[in-house]
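# Structural overview
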Amino acid sequence: MAKRRRRGQNPEDPPDSESQPPSGFIPILVLVSGEDDDERTFVLEAEQTRIGRSPDSDIPISDRSVSRFHAEVLRQGDDFRLVHKSTVNPTLLNGLSLDDSTLLVD
């Protein structure tokens, strides 16, 4: 799920959830994985953010159920789209399998 965080906002504070963020907010991706539901937070500032098992990924995930080049997040203006790239393993978004791509919202 992509959330937007105000520049300088304490990382421990929850991200704001307004659908149209005011200027100065930073989009983030919260990745939840593993048996313990470990959370990792990533700032989405690039035009393309690659997710996968490959060490060349922008967001590396060391899990055999994740493909080397599993998914990517594409920035489209102020919007972000999650694109499924794996031919074998599913990409899950909020527990649901993603077939192609979807716009990320709060």
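A short tour of the structure in this document, coming up. Nothing here was measured: the structure is a model prediction, and the numbers come from that model. (Residues numbered from 1 in each chain as written. Predicted model: local features only at pLDDT ≥ 70, side-chain atom pairs only at ≥ 80, totals over all residues. Heavy atoms only, no water.)

## Here's the deal with the pattern of salt bridges
Pairs may arise between side chains of opposite charge once their charged atoms sit close together. According to the stated counting rule, one finds two salt bridges in the structure shown. Among the salt bridges present, the one from Arg-50 reaches Asp-58, with a minimum N-O distance of 3.7 Å. Between Glu-72 and Lys-85 there is a salt bridge, and its shortest N-O distance comes to 3.4 Å. With Glu-72 in strand S6 (residues 71-76) and Lys-85 in the loop between strand S7 (79-84) and strand S8 (91-93), this residue pair connects regions lying 13 residues apart in the sequence. (Salt bridge = Lys/Arg side-chain N within 4 Å of Asp/Glu carboxyl O. Helix = DSSP H or I, 4+ residues; strand = E, 2+ residues; numbered from the N terminus.)

## Re the side chain of Asn-89
Along the chain, the position of Asn-89 falls in the loop between S7 and S8. Looking at Asn-89, its side chain comes within polar contact range of the main-chain oxygen of Ser-65, at 3.1 Å. What Asn-89 contacts, discounting residues up to four positions off in sequence, is Arg-64, Ser-65, Val-66, Ser-67, His-70 and His-84. (Polar contact = N/O pair within 3.5 Å; in protein donor to acceptor, adjacent residues only side chain to side chain. Contact = heavy atoms within 4.5 Å.)

## Remarks on the nonpolar core
Core analysis: the biggest nonpolar cluster contains 15 residues, and Leu-29, Ile-51, Ile-59, Val-73, Leu-82 and Leu-104 have the highest contact counts within it. Listing elements by their share of this core, those giving two or more residues are strand S2 (25-33), S6 and S7. (Core = buried A, V, L, I, M, F, W, Y, C linked by side-chain atoms within 4.5 Å. Buried < 20%, exposed > 50% of the residue type's maximum accessible area, 1.4 Å probe, protein only.)

## A closer look at the environment of Val-88
With respect to the helices and strands, the residue Val-88 is situated in the loop between S7 and S8. Sequence separation between Val-88 and Ser-67 is 21 residues, and the spatial gap between their C-alpha atoms is 7.7 Å.

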